[in-house]
Amino acid sequence: MIEFDRVTKRYDETEVVSDVSLAVMPHTITVIVGTSGSGKTTLIRMVNRLVEPTSGMIRIDGEDNRLVPEFELRRRIGYAIQGHGLFPHRTVAQNIATVPTLLGWERGRIKAKVEELLTLFQLDPDFFGPRYPHELSGGQQQRVGVARALAAEPNLLLMDEPFGALDPIIRAKAQDDLLAIQKHFGTTIILVTHDMEEAFHLADRIAVMDKGEVVQHGTPAEMLVRPATPFVEELIGATERPFRLLAIETAGDAVEPGTAEGTPIPEALSQREALSELLWSGRSALPVAAANGAIVGKVSLDGLVKRAARPR
Amino acid sequence: MASLPTLLRLAVFLLLLAFLLQPGWFEPLLKPLVQENAPAVYNRGSLFWLTLLHLRTVFVATFAATVIAVSLAVLVTREAGAEFLPLSRSLVNIGQTFPPVAVLALAVPIFGFGEKPTLIALFLYGLLPIFENAVTGLTTLPPAVTEAARGAGMTERQRLMQIELPLAMPVILTGIRLSVVIGLATATIGSTVAAKTLGEVIIAGLQSNNLAFVLQGGLIVAALAVLIHDALQALERALAGRTNA
């Protein structure tokens, strides 16, 4: 668990982060959103002490993060940034091996880890391992950047707009990869972004920052239903609200008894995608299929419309 | 298939080597430049040996300048040393603005005739390009890369040795290349204070009104400068191609 305890950061007169208290649960993804200059990047950089707080304390699993030397702390925490920051004079394999090498892992263990991660990110170790970063595409570089952050098996991964430089299609893929990898390793992730779509897609919990303060911290659904301030409401986007609400839950959650005509919708699809299917096919209901292909019921236009309305 | 410039360089190198080892072969070519009975090929010592001494002087001076300039650049680009940047800049600037001839004149009374005053002049003259380039190289690293190095938990020393210096190397090499080329030419004046360099050949030619000597000395220095310049540039490109692409 990561606890921010009344953390404040001041540069001369300007307060960038003001009295932030926040608890991040283990094995979850917490997304910090806010406009630029809201202090969100400064906040996560204080976790691995790239920035020192002016006052307050950050505890990682109950322990003050100032108890160990900076470099030791950082080797324990994964860190992935926008524009990947790969070392241009080192191969992909050497880049990924950065922290394990610093920690003095033996050669065989490092090699096995590099291969495991490259395979996990769908990059052929024999082909990509000996390449230099500039020989890779943007999406591949970004994956290597995340792989490097995960190489020493950190319990905590900090990500600062990791997908900011990617085009929309590769970004969506990278987000899905991240969700799969988070499930695989159970890593606690704190991710900073200004992209609300990304926040709702990835987050177990969202913290909204405005002018250095956390104005709301809660699940995506809470945030939609009860935005704490007009700023949060604006950030979410009033016209997007019903669709974001539908995007959080799966079609399986909206199943009604009965049958319908047409191509079945997979249970795991989000309700937003189900709605899209209904609208596009021009039908008022479609059958829903479980992962094994069995029809479990139907989703209807009426049912989804009710679910998209503001809960009372 | 080698390109034309490569072939030209190879030809220059072979010509230079041939001239240094067998200067007699070139006598007919140089003969028209001298008065009758005057020697056409330098005869007061081995050209090959003088060239080696010339190169040694330049190498020693540039090596010392590199060590001092790069150390200074590293020092002033650290957080703790930042306030010394203007001071170091002025110091190495003085080294550059002081004409090497003046340095020789001032150094001779202290160190006597011989190689030492030349080494000092070349060293001082070579500091600035290396220092300025090293500072530039170390302060213009991609921010995402230095940030990632810190975030990965590298100590300050590890960042310097593993990331910053290797990435700044092409730019530092450019500075070294400039110093070497300046040094190769400037070393010739060292012979006015009895340093053993190719300047001897030129000075001997000037004293005895022997155009062939002057030409030999000048051409050897020029060929050395061009070849070493190109070799260092090729090295820079090889390094930069990997890091900056």
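Residues numbered from 1 in each chain as written. Chains lettered and ligands numbered in written order. Predicted model: local features only at pLDDT ≥ 70, side-chain atom pairs only at ≥ 80, totals over all residues. Heavy atoms only, no water.

Visitor: How should the pairing of strand β8 (residues 188-193) of chain A be read in this particular structure?
Guide: It is a general feature of regular strands that their side chains alternate between the two faces of the sheet. Residue and element names in this part refer to chain A. For β8, the tally of buried residues reaches 6 of 6 residues, placing the bulk of the element in the interior. Alternating positions in β8 separate into two faces, Thr188, Ile190 and Val192 on one and Ile189, Leu191 and Thr193 on the other, with burial throughout. Relative to β8, strand β3 (residues 29-34) runs parallel, the two sharing 5 bridges. Bridge pairing in β8 links valine 31 to leucine 191. With respect to chirality, the unit in which strand β7 (residues 156-160) leads through helix α8 (residues 168-185) into the neighbouring parallel β8 is right-handed. (Buried < 20%, exposed > 50% of the residue type's maximum accessible area, 1.4 Å probe, protein only. Helix = DSSP H or I, 4+ residues; strand = E, 2+ residues; numbered from the N terminus. Pairing = 2+ DSSP bridges. Right-handed = clockwise from strand over helix to strand, strands pointing away.)

Visitor: How should the interface of chain A and chain B be read in this particular structure?
Guide: Interfaces are often sized by the accessible area lost when the parts come together. At the junction of the two partners, chain A supplies 23 residues and chain B supplies 20 residues. Both sides of the chain A and chain B interface together cover about 1,800 Å² of buried area, and 61% of this is carbon and sulfur. Between chain A and chain B we count 1 salt bridge in total. Counting across the chain A and chain B interface gives 7 residue pairs in polar contact (both at pLDDT 80 or more). In the side of chain A that touches chain B, the residues fall into 11 nonpolar, 7 polar and 5 charged. (Contact = heavy atoms within 4.5 Å. Buried area = accessible area lost by both parts, 1.4 Å probe. Salt bridge = Lys/Arg side-chain N within 4 Å of Asp/Glu carboxyl O. Polar contact = N/O pair within 3.5 Å; in protein donor to acceptor, adjacent residues only side chain to side chain. Nonpolar A, V, L, I, M, F, W, Y, C, P; charged D, E, K, R; others polar.)

Visitor: When you look at the sheet that holds strand β1 (residues 2-11) of chain A in this model, what are you seeing that I'm missing?
Guide: Note: strands within a sheet are paired through backbone hydrogen bonds, in either parallel or antiparallel orientation. Reading across from one edge, β2-β1-β4-β5 (chain A) is the order of the 4 strands in this open sheet, with antiparallel pairing throughout. Looking at which strands have only one partner, the edges of the open sheet turn out to be β2 (14-24) and β5 (63-64) of chain A.

Visitor: Whenever I open this one, the domain arrangement of chain A confuses me. Can you help?
Guide: Residues and elements named next belong to chain A. Taken domain by domain, chain A comprises domain 1 (2-238) and domain 2 (243-308). Spacing between the C-alpha centres of domain 1 and domain 2 amounts to 33 Å. Contacts between the two partners involve 8 residues from domain 1, matched on the other side by 4 residues from domain 2. Overall, the association of domain 1 and domain 2 removes approximately 510 Å² of surface from exposure, summing both partners, and the carbon and sulfur fraction of that is 62%. Counting the surface domain 1 buries against domain 2, the share from its top three residues, Glu197, Phe200 and Leu224, is 63%. Here domain 1 and domain 2 share 2 salt bridges between them. (Domains from an automatic or database assignment.)

Visitor: Is there a simple way to explain the nonpolar core in this structure?
Guide: As a rule of thumb, nonpolar side chains are buried together in soluble globular proteins. One finds A:Ile96 and A:Met159 to be the most contacted residues of the largest nonpolar core, which totals 50 residues. Top contributing element to this core by residue count: helix α7 (residues 138-150) of chain A, with 5 residues. Not counting chain neighbours up to four residues away, the residues in contact with A:Met159 comprise A:Ile44, A:Ala80, A:Val146, A:Leu178, A:Ile189, A:Ile190, A:Leu191 and A:Val192. The next biggest cluster of nonpolar side chains, apart from the first, holds 36 residues, and it includes A:Leu22, A:Met46, A:Ala207 and B:Ile163. (Core = buried A, V, L, I, M, F, W, Y, C linked by side-chain atoms within 4.5 Å.)

Visitor: What exactly am I supposed to notice about the pattern of salt bridges here?
Guide: Between side chains of opposite charge, a pair can form as their charged atoms come close. Residue and element names in this part refer to chain A. Tallied over the entire structure, the rule returns 27 salt bridges over all chains. A salt bridge links aspartate 64 to arginine 66; its shortest N-O distance comes to 3.4 Å. With relative accessibility at 36%, the residue arginine 66 sits in the partly exposed group. As a salt-bridge pair, arginine 244 and glutamate 197 come within 3.2 Å of each other at their nearest N and O atoms. A residue pair is termed long-range when its members are at least 10 positions apart, and arginine 244 in helix α12 (residues 241-248) and glutamate 197 in helix α9 (residues 196-202) qualify at 47 residues. Residue classification places arginine 244 among the buried residues on the basis of a relative accessible area of 7%. Overall, glutamate 197 belongs to the partly exposed group, its relative accessible area being 38%. In the salt-bridge network here, residues are joined through shared partners; they are Glu3, Asp5 and Arg59.

Visitor: I keep staring at the UniProt feature "domain: ABC transporter" (unreviewed entry) in chain A and nothing clicks. Help me out?
Guide: In the numbering used here, UniProt assigns the "domain: ABC transporter" (unreviewed entry) feature to residues 2-236 of chain A. In this annotation, residues 2-236 of chain A is assigned 39% helix and 27% strand; the end-to-end C-alpha distance for the span is 26 Å. (UniProt positions renumbered as here; feature names shortened; annotations may be inferred.)

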